[in-house]
Amino acid sequence: MKFTRILTAGALALASLSAAALTASVATAKDWKTVTITLEGAYAPWNLTNPDGTLGGFEPELAKYLCDHMKVECKLVASDWDGMIPALTAGKYDVIMDALSITEERKKIIDFTIPYAHTHAAFATAKDSPLANATGTGTVIKLDPGATGVKEIDSLKEAFAGKTIGIQAATVYSKFIYDNFGSIATVREYKTGAERDLDLESGRIDLVFDDAVYLISAFEKSNGTLAFTGPEIGGTIFGSGEGLGLRQADTDLRDMFNKAIQSALDDGTIKTLSMKWFKTDVTP
């Protein structure tokens, strides 16, 4: 999942200062009657902006269930991905719901709910590209943080040497690409996945790397001209799943959402929504 992503060092520092200041200013728990949730509105099928300007997709529909369950009024607001965590810690929003992977690095800055999804990442390229059907295509490998000497990754390094790989900036996926392919390929960063995907379709870059269920949606938009190449990558390398991001001081709100997410897991709501939007079960 976006998504599975990390902050740049500068953003981390800014978020850390904001988090510390906000935590110090919060003395008592809030009476949560309204909650502001931010999403990109541009990371389909996780979240998207409808023609009428409303937000739709897997996460907005899940958010409605969670907020109804908690009996609170939730306001969904679209914002840029790369500024979400600093804005959260500064008090602009109460919750991030944008395929946000739960990672140890992020836990230093913000708090998380239990995961509501867990997905793989993958490479994609043009179907008619010589890079199509790289070794491992159609399989899944599981990696842990810091994994080295993985034969499947070494095979991809050999196949992708000298190529240009497009990534969305400030993500866990971007870190993975820099760590494993930065020395043998050109890495090009994009503000949004959509901008990057257009460059892949036009041939300006050779490959992209992102959340697998996001890429399936991108394939549909490209009229079937794009496809996975190489194995899908799962495991804990990108975190323990996608969860809601909250300020560390708001433990009461976190606990409220945890109960609602658990209910959505127990009654099958998350499975139903994931089959609707992803055509696969992303239940963690």
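Placed above this text is the structure.
Below or above, wherever it landed, is the structure these notes cover. Going along each chain's sequence as written, the residues are numbered from 1 onward. At least 70 in pLDDT is required for a residue's local features to be given in this predicted model, at least 80 for side-chain atom pairs to be given and counted, and no such filter applies to totals for whole chains, interfaces and linings, which use all residues. Neither water nor hydrogens contribute to the side-chain values; these are computed over all heavy atoms in the structure.

## Some points on the side chain of threonine 229
When you line up the elements, threonine 229 lands in strand β13 (residues 226–235). For every residue, the accessible area obtained with a 1.4 Å probe (protein chains only) is divided by the maximum for its type, and the residue is called buried under 20%, exposed over 50%, and partly exposed between those limits. The class for threonine 229 is buried, based on a relative accessible area of 0%. A polar side-chain atom of threonine 229 sits 3.3 Å from the main-chain amide nitrogen of asparagine 133. Contacts between residues were defined by any pair of non-hydrogen atoms, one from each residue, lying within 4.5 Å. For threonine 229, the residues in contact, after removing those within four places along its chain, are Phe123, Ala124, Thr125, Leu131, Ala132, Asn133, Ala134, Thr137, Phe160 and Leu207. Strands here are runs of E lasting at least two residues and helices are runs of H or I lasting at least four, both read from the DSSP assignment and numbered beginning at the N terminus. Pairs of N or O atoms are called polar contacts if they sit within 3.5 Å, as long as, within protein, a hydrogen donor faces a hydrogen acceptor (for residues adjacent in sequence, only side-chain-to-side-chain pairs).

## Comments concerning the state of the cysteines
Any cysteine sulfur atom paired with another within 2.5 Å is treated as part of a disulfide. Tallied over the full model, the rule gives one disulfide. Covalently, cysteine 67 is tied to cysteine 74 through a disulfide, its sulfur atoms 1.9 Å apart. Looking along the S-S bond of the cysteine 67-cysteine 74 disulfide, the torsion reads about -90 degrees, which is the left-handed sense. Given a relative accessible area of 24%, cysteine 74 falls into the partly exposed group.

## Thoughts on the sheet that holds strand β11 (residues 186–190)
Consider a sheet: its strands pair through backbone hydrogen bonds, and that pairing is either parallel or antiparallel. Spatially, the six strands line up as an open sheet ordered β9-β13-β8-β12-β10-β11, and their pairing is mixed. Edge positions in the sheet fall to β9 (140–143) and β11, since each has one partner strand and no second. The average undirected angle you get between the axes of adjacent strands in this sheet is 30 degrees. Strand pairing requires that DSSP identify at least two bridges connecting the strands. For strand β8 (residues 121–126) and strand β12 (residues 207–211), the ladder comprises four bridges, and the chain directions are antiparallel. The residue bridging phenylalanine 123 from the neighbouring strand is phenylalanine 209, located in β12. Only C-alpha atoms enter the line fits that serve as axes; for helices the fit covers just the stretch in contact. Angles between N-to-C directions range over 0 to 180 degrees. The strands touched by helix α7 (residues 193–202) within the sheet are β8, β10 (164–168), β11, β12 and β13, with β12 carrying the most contacts at an inclination of about 145 degrees. Of the strands in this sheet, β8, β12 and β13 are in contact with helix α8 (residues 212–221), which crosses β12 at around 125 degrees.

## Remarks on the packing of aromatic side chains
Within 6.5 Å between ring centres, the rings of Phe, Tyr and Trp (the latter by its six-membered ring) count as paired, and their orientation is classed by plane angle as stacked under 30 degrees, edge-to-face over 60, tilted in between. Enumeration according to the criterion identifies 16 aromatic pairs in this entry. Taken together, a centroid distance of 5.8 Å and an interplanar angle of 90 degrees make the contact between tryptophan 46 and phenylalanine 58 edge-to-face. One end of the pair, tryptophan 46, is in the loop between β2 (42–43) and β3 (47–49); the other, phenylalanine 58, is in helix α2 (residues 58–70), with 12 residues separating them in the sequence. Residue class for tryptophan 46 comes out buried when judged on its relative accessible area of 0%. Among the residues examined, phenylalanine 58 registers a relative accessible area of 0% and is labelled buried. Seen from their ring centres, phenylalanine 123 and phenylalanine 181 are 5.3 Å apart, and the 75 degrees between their planes marks the pair as edge-to-face. Of this pair, phenylalanine 123 sits in strand β8 while phenylalanine 181 sits in helix α6 (residues 172–181), placing them 58 residues apart in sequence. Taking the relative accessible area as the measure of exposure, phenylalanine 181 reaches 0% and is therefore buried. An aromatic cluster is present here, built from Phe123, Phe160, Tyr173, Phe176, Phe181, Phe209 and Phe238 joined pairwise through their rings.

## Section: helix α5 (residues 151–160)
Where α5 is concerned, the buried positions are Ile153, Leu156 and Phe160. The arc that holds the buried residues of α5, viewed along the axis, is 60 degrees, so those residues lie on one side. Away from the buried face of α5 by more than 90 degrees, exposed residues Lys151 and Glu158 are located. In this structure, the buried side of α5 is in contact with β8, β9, α6, β12 and β13. When we speak of the arc, we mean the arc of directions from the helix axis to the C-beta atoms.

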